Amino acid sequence: MINFYLKSIKNQPKVHGSVCVIGLGYIGLPTAALLANRGYNVIGVDVNKKVVDIINSGNIHIKESGLDTFVRAAVESGRLKAYTEPKEADVFIIAVPTPFHENGYDIPTPNIDYVISATKSIAKYIKEGNIVILESTSPVGTTEKVAEILAQERPELFKTVNSEGKKNANHQSLIYIAHCPERVLPGKIMNELVENDRIVGGIDKISSQKAASFYKTFVSGEVLITNSKTAELCKLVENSFRDVNIAFANELSMICDKYGIDVWELRELANRHPRVNILYPGVGVGGHCIAVDPWFIVADAKKEAKLIKTAREVNNYKTEWVIEKIKNEALKFELKNKRKPIIACMGLAFKPDIDDLRESPALYITRALKQDNLNILAVEPNICEYEEFEIIDYTTAIETADIIVFLVAHKEFKSLITNHQSLLTNKQILDFCGVTKLS
Ligand code: SAJ
């Protein structure tokens, strides 16, 4: 796909203009590289000088399939240059993190300080006719906040004008501001940036249209127009939908355990109903999106978002439940064998077949077991080294361990089950991710 996209660009209509991308992380850098390969002159901005230097040398500071090829091509073409300060451009894209506030809140509450400072940082470079797009996942109302800040910093760009440019009550600004949430799946970012449908919500109709025209120059999916608040909530709802459905699967797994029922068999059978589609239970929900975004709704709609909040709690509880299960099995082993077991923790990443450890429940579990003085062997086939644990090759770990705990359904583990069953004979297996059940 990547080489195909790079080659196919030559046949696409030429684009003109420049784009300034603020924040060169998991979304900003792939977007900047894609736009540069599409033909835009891209100014990539990051506050971290190290990141800027790495990118300008044609390299990358994050891992994502195909990203290295895109960035190298973009930098070599001279159309992607990174800086620590913004510059003038036709389009500004804000793709900075929106973490939680550190403390002082009973419910995890989004902190939009980076969005605010990014907005302030571009204010002096914005000119009449520019498009400002917020891509960061944001609580409802953030795009309007961006507009407010720009109006304070550059009031002359917010003169009330009508189509003839004369003062009237339409309150249109001379720039266009919209939210276009990123919706790409880590591991498939380069494909999904191009192929996914995009939602574009402007602070007014003309902003939506202008921003949508820009996305149509590099997105092959549909570009759908709405207002900024709907676009903001749409992104949060997509991830909450998934979280709620995973919570259902996780809750089922605990109910099944109580009755000694195999949840994987139950799931298969229930999913034969034409209108049932239960997701996979696991060790909890990780990554920087699904475990985070639902709180953006709950923090602001405390009374209304009861189901969304409960789903978050169920998914978090599932991780603690897994830890307790493993500890109980370790204790039983110790009572029987008069020594502590060696436990192989199979998988550290937050989901199968990636090396991303962000908010990973598998990593959290492995850490918790180690802190409880259990003998653990950390296995992660997608990572060679990790500061906290020695990473052990999975065949060695299986040979050495007494208890094998499958935390992530990596393809290596599935093939181990299929092709090397004998290695697992006489081992106690705890499978929390269905690796022994899924083909
Ligand atoms: N998981 C389960 N059971 C399942 C599916 C997933 O336990 O049946 C777990 C995974 O193991 C992982 C977590 O959920 O720990 C999240 O993984 P994921 O693959 O569902 O999603 P992410 O976090 O990698 O990416 C999501 C995507 N959102 C949706 O699918 C609705 C992606 O499209 C978003 O762009 C991304 O969040 C984001 O950036 O918001």
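Predicted, not measured: the structure shown is a model, and the values here were computed from it. (Residues numbered from 1 in each chain as written. Predicted model: local features only at pLDDT ≥ 70, side-chain atom pairs only at ≥ 80, totals over all residues. Heavy atoms only, no water.)

## What to know about the sheet that holds strand 4 (residues 91-94)
Applicable threshold: For two strands to count as paired, DSSP must find a minimum of two bridges between them. Strands here are runs of E lasting at least two residues and helices are runs of H or I lasting at least four, both read from the DSSP assignment and numbered beginning at the N terminus. Helix axes are fitted only over the stretch in contact, all axes being lines through C-alpha atoms; the angle between N-to-C directions runs from 0 to 180 degrees. Here a residue-residue contact requires only that any non-hydrogen atoms of the pair lie within 4.5 Å.
In spatial order, the strands read 3-2-1-4-5-6-7-8; together these eight strands make up an open sheet with mixed pairing. Among the strands making up the open sheet, the edge pair consists of strand 3 (80-83) and strand 8 (223-227). Ignoring strand direction, the axes of neighbouring strands in this sheet form an average angle of 25°. Pairing analysis gives four bridges linking strand 5 (residues 131-134) to strand 6 (residues 176-179), with the strands arranged parallel. Note that in strand 6 the partner of Val-132 across the bridge is Ile-177. Its contacts with the sheet place helix 9 (residues 228-259) against strand 6, strand 7 (198-202) and strand 8, and it is angled at close to 115° to strand 8.

## As for the packing of helix 12 (residues 306-337) against helix 13 (residues 361-371)
Worth spelling out the cut-off: Angle categories: roughly parallel below 35 degrees, roughly antiparallel above 145, roughly perpendicular from 65 to 115, and oblique for all the rest. When the near helix sits turned anticlockwise from the far one by under a right angle, the crossing is termed left-handed; a clockwise turn instead gives a right-handed crossing. In the scheme used here, Gly and all other residues not listed as nonpolar or charged are polar, with Ala, Val, Leu, Ile, Met, Phe, Trp, Tyr, Cys and Pro taken as nonpolar and Asp, Glu, Lys and Arg as charged.
Across the interface, helix 12 lies against helix 13 with an axial gap of 10 Å and an inter-helix angle of 40°. Taken together, the axes of helix 12 and helix 13 are oblique relative to one another. Two packed elements cross with a definite hand, and for helix 12 against helix 13 that hand is right-handed. Within the contact between the two elements, helix 12 uses Thr-319, Glu-320, Val-322, Ile-323, Ile-326 and Lys-327 and helix 13 uses Pro-361, Tyr-364, Ile-365, Ala-368 and Leu-369. Among the residues forming the contact of helix 12 with helix 13, the class breakdown is eight nonpolar, one polar and two charged.

## Some words on the pairing of strand 12 (residues 428-431)
Put simply, the rule is: A clockwise path from the first strand over the helix to the second, with the strands pointing away from the viewer, defines a right-handed crossover.
In this sheet, strand 12 lies alongside strand 11 (residues 403-406) in parallel orientation, the contact comprising four bridges. Along strand 12, the bridge assignment pairs Ile-404 with Ile-429. In this fold, the crossover linking strand 11 to strand 12 by way of helix 15 (residues 411-419) has right-handed handedness.

## Regarding the pattern of salt bridges
Under the convention used in this document: Think of a salt bridge as a Lys or Arg side-chain nitrogen and an Asp or Glu carboxyl oxygen that are within 4 Å of each other. Exposure is judged per residue with a 1.4 Å probe applied to protein chains only, and the accessible area is read against the type maximum: over 50% gives exposed, under 20% gives buried, and values in between give partly exposed.
Within the structure shown, the criterion is met by 18 salt bridges. With a closest N to O distance of 2.6 Å, Glu-156 and Arg-154 form a salt bridge. Look at Glu-156 and you get partly exposed, because its relative accessible area is 41%. In this structure Arg-154 comes out as buried when scored by relative accessible area, which is 17%.

## Concerning the environment of Arg-183
Let me state the cut-off plainly: Pairs of N or O atoms within 3.5 Å make up the polar contacts considered here, provided that, within protein, one atom can donate a hydrogen while the other can accept it, and that residues adjacent in sequence are counted only when both atoms are side-chain atoms.
Its location among the elements puts Arg-183 in the loop between strand 6 and helix 7 (189-195). Its relative accessible area of 24% is what places Arg-183 among the partly exposed residues. Here the alpha-carbon distance between Arg-183 and Ile-199, two residues 16 residues apart in the chain, equals 9.3 Å. Those residues in contact with Arg-183, other than ones at most four positions away along the chain, are Glu-192, Asn-196, Asp-197, Arg-198, Ile-199, Cys-234, Lys-235 and Glu-238. A distance of 2.8 Å separates a polar side-chain atom of Arg-183 from the backbone oxygen of Asp-197. Polar side-chain contacts of Arg-183 include one of 2.4 Å to the side chain of Glu-238.

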